[in-house]
Amino acid sequence: MTSLADNLRAVRARIDDAARAAGRDPAEVRLLAVSKTWSAEDVRALAALGQRHFAENRVQELVGKAAALAEDPAVPGLRWHLVGQLQRNKVAPVVRLGATVHSVDRAPLVTALARAAEREQRVLDVFVQVDLGGPEGELGSRGGAAPVDVPSLADAVAEAPELRLRGLMAVAPRGEEPAPAFERLAALSARVRADHPGATETSAGMSGDLEAAVTAGATVVRVGTALFGTRPLTSDAGE
Ligand SMILES: *Cc1c(COP(=O)(O)O)cnc(C)c1O
């Protein structure tokens with residue numbers, strides 16, 4: 001059995017090697033630990049090694065783990081992120097947590113987040129999620145807005161004073177090499193950045209494809225399995 005510390009070191013080394021190979025500064029690429037299906041205890045153990053940013057794909061799990069660790073003096077300053085589908089009627093607890101939302105994929109969700117952020121008197125960091133399509137170019141397999149809709153969605157986020165557009169997020173399509181998909185994401189990111197210079201982040205890359213994402217310019221990689229191990233098989237692990 002490898003330890004959490006070994007896994008964290010190995011993942012960080014993969015990120016750093018990929019960044020250097022691409023002529024990038026490794027410090028530009030931040031690691032987001034995806035703790036879905038793992039316990040608050042597991043999160044605490046990784047946090048004790050210095051990891052501060054954690055992501056969940058379900059609101060209930062996000063809120064539960066954040067609450068369990070909120071008052072823990074051993075792991076201060078944890079930052080939470082939501083990387084899964086968000087329903088409009090579930091935005092309030094996410095906003096209350098000040099979680100970064102990586103999965104903004106439609107205009108009504110932008111409105112709901114902005115209203116909730118206004119109520120909570122917070123400014124919320126958000127990413128627009130892009131559907132990179134499948135091998136045949138079909139959309140809808142892994143969530144996100146169609147690329148053609150992304151610029152207007154980014155405009156809508158940028159126009160809401162309560163939301164801060166950080167950039168774009170995507171999951172590589174199944175059944176296709178990730179590199180060309182991440183290149184499409186990079187091109188779209190550059191286009192969005194031309195209108196919104198503050199949208200400097202690209203959230204892409206998971207345990208199996210983080211090198212390709214870093215090569216294409218990812219600034220945030222979202223890693224679960226390579227840190228915590230293989231998730232127990234559940235019907236709703238969110239994949
Ligand atoms: C589960 C998940 C990840 C992490 O995937 P691993 O392959 O376990 O690293 C990253 N992003 C999203 C959106 C996820 O749902």
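Computed from a prediction, not measured in an experiment: that's the story for all the values here. (Residues numbered from 1 in each chain as written. Predicted model: local features only at pLDDT ≥ 70, side-chain atom pairs only at ≥ 80, totals over all residues. Heavy atoms only, no water.)

Asker: How should the overall build of the protein be read in this particular structure?
Answerer: On a plain count of helices and strands, the protein comes out with nine helices and eight strands. Its C-alpha atoms give the protein a radius of gyration of 17 Å, near enough to 18 Å, the size a compact globule of 239 residues would have. The principal-axis extent of the C-alpha atoms belonging to the protein is close to 45 × 45 × 35 Å. Sorting the 239 residues of the protein into buried and exposed places 50% on the buried side. Contacts in the protein between residues far apart in sequence, at least 24 positions, make up 63% of those at least 6 positions apart. About 11,000 Å² of surface is accessible on the protein, with carbon and sulfur atoms providing 52% of the total. Across the protein, the centroid of the 28 positively charged side chains sits 4 Å from that of the 31 negatively charged ones. (Helix = DSSP H or I, 4+ residues; strand = E, 2+ residues; numbered from the N terminus. Rg over C-alpha atoms; globule rule 2.2 N^0.38 Å. Buried < 20%, exposed > 50% of the residue type's maximum accessible area, 1.4 Å probe, protein only. Contact = heavy atoms within 4.5 Å. Areas by Shrake-Rupley, 256 points an atom, 1.4 Å probe, with all protein chains shown as cover. Lys, Arg positive; Asp, Glu negative; His and termini not counted. Charge placed at Lys NZ, Arg CZ, Asp CG, Glu CD.)

Asker: Where do I start with the side chain of Glu162 in this structure?
Answerer: With respect to the helices and strands, Glu162 occurs in the loop between helix H6 (150-159) and strand S6 (163-170). Among all residues touching Glu162, those that are not within four sequence positions of it are Ala114, Ala117, Glu118, Arg122, Val123 and Leu124.

Asker: Even after reading the chapter, I still don't get helix H7 (residues 178-195), so can you show me in this structure?
Answerer: Because an α-helix packs 3.6 residues into every turn, residues spaced three or four apart end up facing the same way. An ideal rise of 1.5 Å per residue puts 26 Å on 18 residues; H7 measures up with 26 Å between its terminal C-alpha atoms. Regarding H7, the residues found buried are Pro178, Ala181, Phe182, Leu185, Leu188, Ser189 and Val192. Around the axis of H7, the buried residues are gathered within 120 degrees of arc, so they sit on the same side. For H7, the exposed residues set more than 90 degrees away from the buried face come down to Arg191 and Ala194. If you follow the buried residues of H7, they end up packed against strand S5 (124-130), H6, S6, strand S7 (201-203) and helix H8 (210-215). (Expected span 1.5 Å × (residues − 1). Arc of directions from axis to C-beta.)

Asker: So what exactly am I meant to see when it comes to the packing of aromatic side chains here?
Answerer: Under the counting rule described, the total for this entry stands at two aromatic pairs. Judged by centre distance (5.9 Å) and plane angle (40 degrees), the rings of Phe54 and Trp80 are tilted. Remark: Trp80 occurs in strand S3 (residues 79-82) and Phe54 occurs in strand S2 (residues 53-56); sequence separation between them is 26 residues. (Phe/Tyr/Trp six-rings, centres within 6.5 Å; stacked < 30°, edge-to-face > 60°.)

Asker: How do you make sense of the UniProt feature "modified residue: N6-(pyridoxal phosphate)lysine" (unreviewed entry) in the protein when you look at a structure like this?
Answerer: Per the UniProt record, the feature "modified residue: N6-(pyridoxal phosphate)lysine" (unreviewed entry) sits at Lys36. Summarising the element assignment, Lys36 is placed in the loop between strand S1 (30-34) and helix H2 (40-47). For Lys36, a relative accessible area of 9% gives the class buried. (UniProt positions renumbered as here; feature names shortened; annotations may be inferred.)

Asker: How should unusual backbone geometry be read in this particular structure?
Answerer: One can expect most non-glycine residues to show negative phi and most peptide bonds to be in trans. Within the chain, Thr37 stands out as a residue other than glycine whose phi angle is a positive 75 degrees. Its place among the elements puts Thr37 in the loop between S1 and H2. Although it is not a glycine, Gln121 adopts a positive phi angle of roughly 50 degrees. Position of Gln121 relative to the elements: it lies in the loop between helix H5 (107-120) and S5. Judged by its relative accessible area of 76%, Gln121 falls in the exposed class.

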